[in-house]
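# A look at the structure
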Amino acid sequence: MDLKGQVALITGASRGIGRAVALKLAELGADIAVVYVGNAEKAAQVCDLARKKGVRAEAFACDVSDFEAAKETVEAVKQKLGIVNILVNNAGITRDGLIMTMKEEAFDEVIQVNLKGAFNMMRHCSPGFVKNRRGKIINISSVAGVVGNAGQANYSASKAGLIGLTKTVAKELASRNICCNAIAPGLIETDMTQGLSNEEGLMAAIPLGRAGTPEEVAELAAFLCGSDYITGQVICIDGGLAF
Ligand code: NAP
């Protein structure tokens, strides 16, 4: 697959899954906009690695939950790299707790970043997609949004909401040749899940018996970037955890 000449904006690309997706798309020739919220050093490292693959790469600090900041970032990417052709909504957070004791702020914050953040980016990238009559949107949901997960009411709700958003945007934009899909990872080894792969009970629940890697998720994202006939789908990549 050749993504040369395409501009990919990946949120949460300074670390974990977003970083792996950014580097994979760079390997395939796409110019890369690395969006992060606080970790400028790690974002710069991702840009350096991407440039070594021969593409253009720039880092953009942006809290995706901020509607205006997201708008300014999409515009800044356009000025520096060109109109976005590939949008990967990957930025996400957890604030786990049981429903009986979960604080209101913990619910609101997770919805704002995980769900509203993806809306903000899709909202501001869509005019460019429609103008070019091309575009790929990939939303990183979670198996928690497909089957639920005790202790993650806020997170599961945000990820299930992202699936509804994905399916609706897929229907709205299909006539303009734009595909929108969700990836639902299971347990992937990143900062977010540090230490969880040592939990025997959790490992026993995964038929393939191990956590996944960010690179495995990145392969799936790249595959979706190459398909013009898959849209509105939720693809689980979870070692069998959720079937
Ligand atoms: P991670 O290692 O914790 O990295 C999170 C990334 O999101 C960082 O780049 C962080 O930027 C960025 N970020 C956080 N809040 C942001 C905000 N308000 N605005 C912009 N960027 C923000 O996470 P991960 O494990 O790679 O997860 C990536 C995505 O996959 C998330 O949506 C997560 O819910 C989903 N997911 C992960 C797993 C898993 O097992 N790891 C499973 C299912 C789904 P800074 O570096 O600047 O802080």
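For clarity, every value in this text was computed on a predicted model and none was experimentally measured.

Further remarks concern a negative patch on the surface. A surface patch of negative charge is lined by D63, D66, E68 and E72. Along the polypeptide, E72 turns up in helix α3 (residues 67–80). On the basis of relative accessible area, E72 is assigned to the exposed category, the value being 55%.

Turning next to helix α2 (residues 40–51). In a regular helix each residue adds 1.5 Å, so 12 residues correspond to 16 Å; α2 covers 16 Å between its end C-alpha atoms and thus fits that length. A43, V46, C47 and A50 are the residues of α2 that are buried. Mapping the buried residues of α2 onto a view down its axis gives an arc of 100 degrees, with all of them on the same face. Residues of α2 that are buried in the fold lie against α1 (16–27), β2 (31–36) and β3 (57–61).

Side chains on a regular strand alternate between the two faces of the sheet. Taking burial as the measure, the eight residues of strand β6 (residues 178–185) include eight buried ones, the bulk of the element. Both faces of β6 are covered, namely the face carrying I178, C180, A182 and A184 and the face carrying C179, N181, I183 and P185. Bridge count between strand β5 (residues 135–140) and β6: six bridges; the pairing is parallel. Looking across to β6, one finds that N139 is bridged to A182.

Counting residues in hydrophobic clusters, the biggest one holds 35 residues, and the most contacted among them are I10, V21, L25, I32, V88, I138 and I183. Breaking this core down by element, the ones donating at least two residues are β1 (7–11), α1, β2, α2, β4 (86–89), β5 and α8 (214–225). When near neighbours in sequence (up to four residues on either side) are disregarded, V21 contacts I10, V88, A218 and A221. If you look at the next biggest cluster of nonpolar residues, it comprises 32 residues, including C62, L81, F129 and L162.

On to the site of the ligand. Around the ligand sit 31 residues, and of these S14, G38, N90, Y155 and T190 come closest. In the model, an oxygen atom of the ligand is placed 3.0 Å from a nitrogen or oxygen of the V37 main chain. Within the backbone of G38, an N or O atom sits 2.7 Å from an oxygen atom of the ligand. Contact with the protein chains hides 93% of the accessible area of the ligand, taken as 910 Å² for the molecule alone.

Across all of its chains, the model carries eight salt bridges by this definition. The salt bridge partner of R51 is D48, with a shortest N-O separation of 3.1 Å. Of this pair, R51 and D48 both sit in helix α2, three residues apart, roughly one helical turn. Judged by its relative accessible area of 39%, R51 is partly exposed. Bridged by salt links that share partners, the residues K24, E27 and E219 form one connected network.

Rules used throughout
Residues numbered from 1 in each chain as written. Predicted model: local features only at pLDDT ≥ 70, side-chain atom pairs only at ≥ 80, totals over all residues. Heavy atoms only, no water. Patch = residues over 30% accessible without salt bridge, like charges linked within 9 Å, V, L, I, M, F, W, Y side chains within 5 Å. Areas by Shrake-Rupley, 256 points an atom, 1.4 Å probe, with all protein chains shown as cover. Salt bridge = Lys/Arg side-chain N within 4 Å of Asp/Glu carboxyl O. Lys, Arg positive; Asp, Glu negative; His and termini not counted. Charge placed at Lys NZ, Arg CZ, Asp CG, Glu CD. Helix = DSSP H or I, 4+ residues; strand = E, 2+ residues; numbered from the N terminus. Buried < 20%, exposed > 50% of the residue type's maximum accessible area, 1.4 Å probe, protein only. Expected span 1.5 Å × (residues − 1). Arc of directions from axis to C-beta. Contact = heavy atoms within 4.5 Å. Pairing = 2+ DSSP bridges. Core = buried A, V, L, I, M, F, W, Y, C linked by side-chain atoms within 4.5 Å. Near = heavy atom within 4 Å. Polar contact = N/O pair within 3.5 Å; in protein donor to acceptor, adjacent residues only side chain to side chain.

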